[in-house]
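In case you want the letters, here they are:
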Amino acid sequence: MNQGWVYRNQVKHTEVGLTLLDYYTQNYHHSTKEEWRERILSRQILINNQPATPDTLLQKGQTLAYHRPPWQEPDVPLSFAILYEDADLLIINKPSGLPVLPGGGFLEHTLLWQLQQQYPLQTPYPIHRLGRGTSGLMLLAKTSQARASLSQQMRDRQITKIYRALVGKRDLPNQFTITQPIGKILHPVLGYIYGATSNGLSAHSECQVIQRTDQTTLLEVTILTGRPHQIRIHLATVGYPLLGDPLYDIGGKPKMITTEKLAVPSDCGYHLHAYHLSFFHPKTRELITVFSPPPEKLKK
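These numbers come from a predicted model, not from an experiment. (Residues numbered from 1 in each chain as written. Predicted model: local features only at pLDDT ≥ 70, side-chain atom pairs only at ≥ 80, totals over all residues. Heavy atoms only, no water.)

Caption draft 1: Expanded view of the overall build of the protein chain. A tally of regular secondary structure across the protein chain gives five helices and 16 strands. Against the globule reference of 19 Å for 300 residues, the protein chain gives a C-alpha radius of gyration of 21 Å, in line with a compact fold. Projected onto the principal axes, the alpha-carbon positions of the protein chain cover approximately 60 × 45 × 35 Å. In the protein chain, the proportion of contacts linking residues at least 24 apart, taken out of those at least 6 apart, comes to 62%. (Helix = DSSP H or I, 4+ residues; strand = E, 2+ residues; numbered from the N terminus. Rg over C-alpha atoms; globule rule 2.2 N^0.38 Å. Contact = heavy atoms within 4.5 Å.)

Have a look at this one:
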């Protein structure tokens, strides 16, 4: 069991006049109306640190706090290798299955929580993120100056990120580019989810076939932008979803219904590995290049 958590929100002007029950029911679809009602009645949800009733009307600026009791988190691999470290930055090799940030039932079984235990005075800040099912290289800043420099390099496309990805047998060209915009799509449980949309943010992926077999096609994908789930969405958009991807189907849209349960972004099963990372050191301006050996199925 973990230690539980307090989720805090502040009432916006557009939410004034909603009842406390309607606020949680409308904003958090992972629980039913009756479940939210029970939490309010059992004083798990407070307004300005005071108990309230389900019918209490909200006012602008009030602080809402949902005190979630301890729960058993799913088992995930918690250990990770440190590939590079100095006073300014950290590069780790994240295992597939380990979430980066809290969410979706994960709190302590996350990379961020593990880093907080190892670096209690100043937890390294992720410059980019990897999906839970994605393995490989992650770059983190250990100082505010390093974070500012590396974040600017991300915006200026000075950080090179190359991934290994596995799709099925396809008659793909040896090299191709995908520039499908990526944006939010309504989701019945999560509120929204990212996918291929006509009005989304620009996204750019350069793809190269490096090996073909009778059943699979191995790709190296360089992403020039860092949209959420970009490679999964982009390859699905052009008709080549990652093998084993439980969420994204041909067209780059999420599967809303499966035979077992509603698929969510944190579901694993796909084959994607952050293989190559290069950037300029935030202090010395030296070019740093790091490789992470891919898992067996993604080896050439």
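Caption draft 2: Summary view of the nonpolar core. Grouped together as the largest cluster of nonpolar side chains are 44 residues, with contacts concentrated most on Ile91, Leu111, Leu139, Leu219, Ile231, Leu235 and Phe279. Among the elements that line this core, the one with the most residues is strand E8 (residues 135-141), at five residues. Discounting chain neighbours no more than four positions away, the residues touching Leu219 are Tyr163, Arg164, Ala165, Val167, Leu172, Phe176, Gln208, Val209, Ile210 and Leu235. Counting residues in each nonpolar core, the second largest holds 13 residues, with Val11, Leu21, Ile45 and Leu64 among its members. (Core = buried A, V, L, I, M, F, W, Y, C linked by side-chain atoms within 4.5 Å. Buried < 20%, exposed > 50% of the residue type's maximum accessible area, 1.4 Å probe, protein only.)

Caption draft 3: Representation of the environment of Phe280 within the structure. Inspection of the secondary structure assignment puts Phe280 in strand E15 (residues 272-280). The sequence separation of Phe280 and Gln10 amounts to 270 residues, and the corresponding C-alpha distance is 39 Å. Each residue touching Phe280, except ones within four places of it in the same chain, is listed here: Leu150, Gln153, Arg285, Glu286 and Leu287.

Caption draft 4: Examining helix H2 (residues 33-41) more closely. If you check which residues of H2 are buried, you get Trp36, Arg39 and Ile40. For H2, the buried positions fall inside an angular range of 100 degrees around the axis, keeping them on one side. Opposite the buried face of H2, by more than 90 degrees, sit the exposed residues Glu34 and Leu41. On the buried face of H2, the contacting elements are helix H1 (20-27), strand E2 (45-47) and strand E4 (63-68). (Arc of directions from axis to C-beta.)

Caption draft 5: Examining the pattern of salt bridges more closely. For the structure shown, the criterion picks out six salt bridges. Note that Lys283 and Asp88 form a salt bridge whose closest N and O atoms lie 3.4 Å from each other. Placement of Lys283 in the loop between E15 and strand E16 (287-291) and of Asp88 in the loop between strand E5 (81-85) and strand E6 (89-94) is noted, with a sequence separation of 195 residues between them. By relative accessible area, Lys283 is classed as exposed at 59%. Under the relative-accessibility criterion, Asp88 is labelled buried at 9%. A salt bridge links Glu296 to Lys299; the shortest N-O distance between them is 3.4 Å. Overall, Glu296 belongs to the exposed group, its relative accessible area being 62%. Residue classification places Lys299 among the partly exposed residues on the basis of a relative accessible area of 41%. (Salt bridge = Lys/Arg side-chain N within 4 Å of Asp/Glu carboxyl O.)

Caption draft 6: Looking closely at unusual backbone geometry. Even without being glycine, Asn48 reaches a positive phi, approximately 50 degrees. Structurally, Asn48 is set in the loop between E2 and strand E3 (50-51). Using a relative accessible area of 42% as the deciding quantity, one classes Asn48 as partly exposed. One non-glycine residue, Arg157, adopts positive backbone phi at about 60 degrees. Tracing the backbone through its elements, the reader meets Arg157 in the loop between helix H4 (144-155) and strand E9 (160-168).

Caption draft 7: Local environment of the pairing of strand E10 (residues 175-178). Judged by which residues are buried, E10 turns out to be one-sided: Phe176 and Ile178 face inward and are buried, whereas Gln175 and Thr177, on the alternate face, are not. Bridge count for E10 against strand E13 (residues 205-212) is four bridges, and the pairing is antiparallel. Looking across to E13, one finds that Thr177 is bridged to Glu206. (Pairing = 2+ DSSP bridges.)

Caption draft 8: View of the sheet that holds strand E1 (residues 5-10). The strand order across the open sheet built from four strands is E1-E4-E2-E3, with neighbouring strands paired in antiparallel fashion. Lying at the two open borders of the sheet, with one neighbouring strand each, are E1 and E3. Sheet analysis places E2 next to E3, joined by two bridges and oriented antiparallel. Opposite Leu46, over in E3, you have Pro51 as the bridge partner.

Structural measurements only, silent on function.
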